[in-house]
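So you can see what is in the structure, the chains are spelled out below.
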Amino acid sequence: MVGCAGMLAALPAAAQEFSVPRMEDEDPSADEPPPRGNKRGRLDEDDPHGAQDDGTTADLTGGNKRVRKDGGAPAVELTPDASVPSADASRPAPPPAPADAGAALPPPPPPRVDSLPPPPPPVDMPPPTGAAAGVLRHARQSVVLTPATYEDLLAEWEKRRALLKDSPAAAQKQLLNVLSALRALGGGAPGGAQAPDIATALVMEAHELADKLEADRALAVADVAVAMAPSLPATHLALARARYLKAPGDTGPVAAALWGALQAETTDLRFTIRWLLAAAVALVGTLFMMLLGLAATLGLRRLNLLAHDAGHILPVHMRGGASTVLAATLLCIPLVLRAGPVAAGIWFLLVMWRYFEGAERALAALAILCTAALPLGINAAAPLVVFPTTHVAALYLGQSDAGQARAVRPRVDEAPVDAVSLGVSGLMHKRAGDLAAARSALEHALRLEPKAGWTHVNLGCVYASMGEMDRAQMEFERAAELNPADALALHNAATLHALMGRTGAAREAWEAAERVNHQAAQAYRDRAAGSFPKPHNVAFVDAPAPAVALLAAALQPTPASDAVAAEAWAFLSPQVTRALWPGVVLLALLLLALAQLLSTRWPPATACRRCGSPACRSCDGKDVDRFHCAQCYNAFMVRGARVEAALKIRKDVQIRRHRNRRQFLTRLLSALWGGAGLLFAGFPVRGAVLGFLFTLAALIGGASVFLPDAVGVGPDASWVRMAVPALVLILTWLVGLLLSFRSET
């Protein structure tokens, strides 16, 4: 409790400064506090603790808070609590000043620390033991502004590289110093700053050691790689390989590392953006390809019917080749007008509508209706395409990538003024040591979004670094109020209580953090109780911006995304704008209804069920049914009809050739594209379902591999992204192929 007395004695009435007590076993080289930031964001040796005279008076004796105003400025003071004795009781009252002294007498000097009697120990609860005691001990040493930079981390990394050639054992130990330098910079915690460039080099080294069957060294290097960049799946995969090499029979740790790789794929914002982009591109491409696929496969069997009906408007002597040319010209009208592939597919379905059957007509109408969602899908995918160049990507890199934080600072400063941008900017200023700028940005962010718990946590960390512990406690408690499951806010509150000597409140906050999230609370506690190079500030852990908030900002349209969407839509439909496209779809559905009415009054030609030739009532006569041509009907359906044997044999050969050709095309289409053979064979529902799943899986897998890498550093876990789409792709292809062979029977 000598530290508490020294802390209270260092609080003059005129200057609001907070001095952290030193432990007896602390490094003597750290007696002088490092330079801190003042109000103007400069390093000022005259203000070593970074305190600001804002008219606030505080009584740091623990207990409940009450807010008062002194001279128009907000002030926070803490009422005495039974757990921590009041400092006023142990401080001797100054003698009264003479009445005639006036302003000529100087103010009495503050009492010396050694003249104060030691306050009694707290009586609320026994001091914490075990891990809590370690956190308490390091918390009292750790409230020092971090002047650590990324260059310090690189210096430790260069030392390790220099030792790697001459002394591998020393280089292995130096890895811990590299990790400690990252944690002193503000990393090493869940969601904290990372060093993916160094982690990438460690992943490559771990794989090289695994190739040499050096399991112990590979495992140690992979462990540090995961700690340096837990959001990279490649680090978890390297750890899984090293664990398998170390203990091939123990599958539990290997499975845990693989699960970590999958979690990294789904939790990191850049991978989330890439997955969403792949899904959006795949969905738009699937709708487009299904439209063209239905038009091609359903219409391929009935082109001869269209050519036959087109010959009815020509003279008898001009039928044959001229009717085929007329039908082809009718289908190519959108290509001549340069209406785009989507309009061409819709037109093809409109023209061939009269020749489709019930289920085929329903699928054609559904495909045309789904094209109304194409503009929406393109508008949603365009912001994801330009994400690497947006200010949201700069915000994410600024708070998570220690190596690129300085490079993206100009883009962060130019970001739109909103709560997320200001919060991340304040976090970056705090890590850079500019506490005044960090405080200003975070307070502005809270004025825009008062219920942002992560901003309250970061502002509390800034207040703690500036010595304003009462305000820090208010911010941490406000964050815990807004989100009772926030283990980080509870951990910071516990650390603050421990620093102030309130062991009972500290224990309660630690236990609450353990209840809400044991794993995260343990990670925060280990980080705070670790051994790090001084000076450092690891007692209070920063809170990054939530991925949900950054994702919502990334999905907002920008001028760059509008340009990308306009370019993509110009390829699909250059003649019709996105705003007018729903009207085009509605007009196409009305034309389908008109085609249905025309097919009822003037029945079109149908395909003969035996030979596939056109069966036309107007050409064959009313005595022939609508399912067979006249030759097949007279030769095989009418009993007692006098038909020459040669004609029957020739017709039978024609039927066999038609069946063989149809069988070959069904197998070929099934082998080329899942479900296409069933569509051609006359099973539209099965073929459409399999074709949709096959196309979607193929495009998701292709987009996840061939789209630009969202991370941009290190080897990528492409097989993790390809696992699920590849499985769906293979299953749908096999099912479509088997069903196409069974359809022949």
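Colleague: What's the story with the overall build of the protein in this structure? I'm lost.
Modeller: A count of helical and extended segments in the protein gives 33 helices and six strands. Long-range pairs, those at least 24 residues apart, make up 65% of the contacts in the protein between residues at least 6 apart in sequence. Total accessible area on the protein stands at roughly 36600 Å², and carbon and sulfur atoms take up 63% of it.

Colleague: In this structure, what is going on with helix H23 (residues 503-516)? I would like to understand it.
Modeller: Three or four residues apart is the spacing at which side chains of an α-helix point the same way, because the helix has 3.6 residues per turn. The terminal C-alpha atoms of H23, which comprises 14 residues, lie 20 Å apart, in line with the 20 Å expected from a rise of 1.5 Å per residue. Residues of H23 that are buried: Thr503, Gly504, Ala506, Ala509, Trp510, Ala512, Ala513 and Glu514.

Colleague: Please clarify how the nonpolar core should be interpreted in this entry.
Modeller: A general tendency of soluble globular proteins is for nonpolar side chains to be buried together. In this structure, Phe387, Val457, Phe476, Leu496 and Leu550 are the most contacted members of the largest nonpolar core, which totals 56 residues. By size, the runner-up hydrophobic cluster in this structure holds 42 residues, among which are Leu305, Leu349, Leu350 and Cys616.

Colleague: Any chance you could explain the packing of aromatic side chains here in plain terms?
Modeller: Note on aromatic pairs: each is described by the distance of the centres and the angle between the planes. Taken as a whole and judged by the stated rule, the model has two aromatic pairs. For the ring pair Trp569 and Trp581, a centre distance of 5.4 Å and an interplane angle of 80 degrees mean the geometry is edge-to-face. Of the two residues, Trp569 is situated in helix H26 (residues 559-572) and Trp581 in helix H27 (residues 581-601); the sequence distance between them amounts to 12 residues. A single burial state applies to Trp569 and to Trp581, both of which are buried. Note on Trp673 and Phe694: the rings are 4.8 Å apart at their centroids and 75 degrees apart in plane angle, and the pair reads as edge-to-face. Highlighted residues: Trp673 in the loop between helix H30 (645-672) and helix H31 (676-681) and Phe694 in helix H32 (residues 684-706), separated in sequence by 21 residues. The ring of Tyr463 is capped by Arg471, whose NZ or CZ atom sits 5.8 Å from the centre of that ring. A cation over a ring is seen here: Arg609 above Phe627, with NZ or CZ 4.1 Å from the ring centre.

Colleague: Is there a simple way to think about the pattern of salt bridges in this case?
Modeller: Two side chains bearing opposite charge may form a pair once their charged atoms approach each other closely. Evaluation of the coordinates by the stated rule reveals 16 salt bridges. With a closest N to O distance of 3.3 Å, Glu481 and Arg478 form a salt bridge. With Glu481 and Arg478 both in helix H21 (residues 469-482) and three residues apart, this pair spans about one turn of that helix. Taking relative accessible area as the criterion, Glu481 reaches 58% and is therefore assigned exposed. The shortest N-O distance in the salt bridge between Asp652 and Arg656 comes to 3.2 Å. Highlighted residues: Asp652 and Arg656, both in helix H30, separated by four residues, approximately one helical turn. Under the relative-accessibility criterion, Asp652 is labelled partly exposed at 31%. Taking the relative accessible area as the measure of exposure, Arg656 reaches 55% and is therefore exposed.

Colleague: Looking at this model, I keep getting lost on a positive patch on the surface. Mind explaining?
Modeller: On the surface, Arg609, Arg617, Lys622 and Arg626 cluster together into a positively charged patch. Here Lys622 is to be found in the loop between helix H28 (617-620) and helix H29 (630-637). Judged by relative accessible area, Lys622 falls into the exposed class, the value being 76%.

Colleague: Explain the environment of Leu277 to me, please; I cannot follow it from the model alone.
Modeller: Secondary-structure assignment places Leu277 in helix H9 (residues 269-300). Overall, the relative accessible area of 9% leaves Leu277 in the buried class. Here the alpha-carbon distance between Leu277 and Leu384, two residues 107 residues apart in the chain, equals 5.7 Å. Sequence-distant contacts of Leu277, that is, excluding residues within four places in its chain, are made with Ala381, Leu384, Val385 and Leu707.

Colleague: What am I meant to see in the environment of His658 here?
Modeller: Assignment of secondary structure puts His658 in helix H30. Spatially, the C-alpha atom of His658 lies 8.3 Å from that of Arg610, the residues being 48 residues apart in sequence. In contact with His658, not counting residues within four places along its chain, are Arg610, Cys611 and Gly612.

Colleague: Which parts of the structure should I look at to understand the confidence of the model for the protein?
Modeller: The predicted coordinates ought not to be read in detail in places where the model reports low pLDDT. Averaged over the protein, the pLDDT score is 76; the fraction of residues at 70 or greater is 75%. The weakest mean pLDDT in the protein belongs to strand E4 (residues 73-78) at 32; the strongest belongs to helix H19 (residues 435-448) at 93. Low pLDDT (under 50) marks residues 1-129, which in the prediction has 194 contacts with non-local residues, meaning those over four places away or in another chain. Confidence over residues 711-715 falls short of pLDDT 50; this stretch has nine contacts with residues more than four positions distant or in other chains.

Colleague: Honestly, unusual backbone geometry in this entry has me stumped. Any pointers?
Modeller: With glycine set apart, most residues show a phi of negative sign, and most peptide bonds adopt trans. Positive phi is not limited to glycine here, since Leu213 has a value of about 65 degrees. You can see Leu213 is positioned in the loop between helix H5 (196-211) and helix H6 (215-228). Residue classification places Leu213 among the exposed residues on the basis of a relative accessible area of 64%.

Colleague: What is the right way to read the packing of H9 against helix H13 (residues 341-352) from this model?
Modeller: A packed helix pair is summarised by two numbers, namely the angle formed by the two axes and the spacing between the axes. Contact geometry of H9 with H13 gives a least axis separation of 9 Å together with a crossing angle of 35 degrees. In this structure, H9 meets H13 at a crossing whose hand is left-handed. Along the contact surface, H9 presents Phe288, Leu291, Leu292, Leu294, Ala295 and Gly299, while H13 presents Pro341, Val342, Gly345, Ile346, Phe348, Leu349 and Met352. Considered class by class, the residues forming the contact of H9 with H13 number 11 nonpolar, two polar and no charged.

Colleague: What's the story with helix H8 (residues 251-267) in this structure? I'm lost.
Modeller: If you check H8, its first and last C-alpha atoms are 24 Å apart, about what 17 residues at 1.5 Å a residue would give, namely 24 Å. Among all positions in H8, only Val254, Ala257, Gly260, Ala261, Ala264 and Glu265 are buried. The arc that holds the buried residues of H8, viewed along the axis, is 140 degrees, so those residues lie on one side. Residues of H8 that are exposed and point over 90 degrees away from its buried face: Thr251, Trp259, Thr266 and Thr267.

Colleague: Just to check I follow, could you spell out the packing of helix H14 (residues 358-370) against H32 for this structure?
Modeller: In contact at an axis separation of 9 Å, H14 and H32 are set at 30 degrees when each is read in the N-to-C sense. The angle between the axes of H14 and H32 places the two elements in the roughly parallel class. Residues Ala359, Glu360 and Leu363 of H14 touch H32, and the partners they reach there are Pro684, Val685 and Ala688. Considering only residue class, the contact of H14 with H32 consists of five nonpolar, no polar and one charged.

Colleague: Just to check I follow, could you spell out the side chain of Ser613 for this structure?
Modeller: Note on placement: Ser613 falls in the loop between strand E5 (606-607) and strand E6 (614-615). At a separation of 3.4 Å, a polar atom in the side chain of Ser613 contacts the side chain of Gln654. In this structure, Ser613 is in contact with Thr606, Ala607, Cys608, Lys651 and Gln654, ignoring residues within four places of it in sequence.

Colleague: Looking at this structure, I do not really get a nonpolar patch on the surface. What am I missing?
Modeller: A surface patch of nonpolar side chains, about 790 Å² in accessible area, is lined by Leu586, Leu587, Leu590, Leu591, Leu594, Leu597, Leu598 and Trp602. Relative to the helices and strands, Leu586 resides in helix H27.

Colleague: In this structure, what is going on with the environment of Leu598? I would like to understand it.
Modeller: For Leu598, the position within the fold is in helix H27. On the basis of relative accessibility, which here comes to 35%, the residue Leu598 falls in the partly exposed class. Along the primary structure Leu598 and Arg354 are separated by 244 residues, whereas in three dimensions their C-alpha atoms are 8.1 Å apart.

Conventions used here
- Residues numbered from 1 in each chain as written.
- Predicted model: local features only at pLDDT ≥ 70, side-chain atom pairs only at ≥ 80, totals over all residues.
- Heavy atoms only, no water.
- Helix = DSSP H or I, 4+ residues; strand = E, 2+ residues; numbered from the N terminus.
- Contact = heavy atoms within 4.5 Å.
- Areas by Shrake-Rupley, 256 points an atom, 1.4 Å probe, with all protein chains shown as cover.
- Expected span 1.5 Å × (residues − 1).
- Buried < 20%, exposed > 50% of the residue type's maximum accessible area, 1.4 Å probe, protein only.
- Core = buried A, V, L, I, M, F, W, Y, C linked by side-chain atoms within 4.5 Å.
- Phe/Tyr/Trp six-rings, centres within 6.5 Å; stacked < 30°, edge-to-face > 60°.
- Lys NZ or Arg CZ within 6 Å of the ring centre and 35° of its normal.
- Salt bridge = Lys/Arg side-chain N within 4 Å of Asp/Glu carboxyl O.
- Patch = residues over 30% accessible without salt bridge, like charges linked within 9 Å, V, L, I, M, F, W, Y side chains within 5 Å.
- Lys, Arg positive; Asp, Glu negative; His and termini not counted.
- Charge placed at Lys NZ, Arg CZ, Asp CG, Glu CD.
- pLDDT = per-residue confidence, 0-100.
- Axes fitted to C-alpha atoms, helices over the stretch in contact; angles between N-to-C directions.
- Left-handed = near helix turned anticlockwise from the far one by under 90°.
- Nonpolar A, V, L, I, M, F, W, Y, C, P; charged D, E, K, R; others polar.
- Arc of directions from axis to C-beta.
- Parallel < 35°, antiparallel > 145°, perpendicular 65-115°, else oblique.
- Polar contact = N/O pair within 3.5 Å; in protein donor to acceptor, adjacent residues only side chain to side chain.

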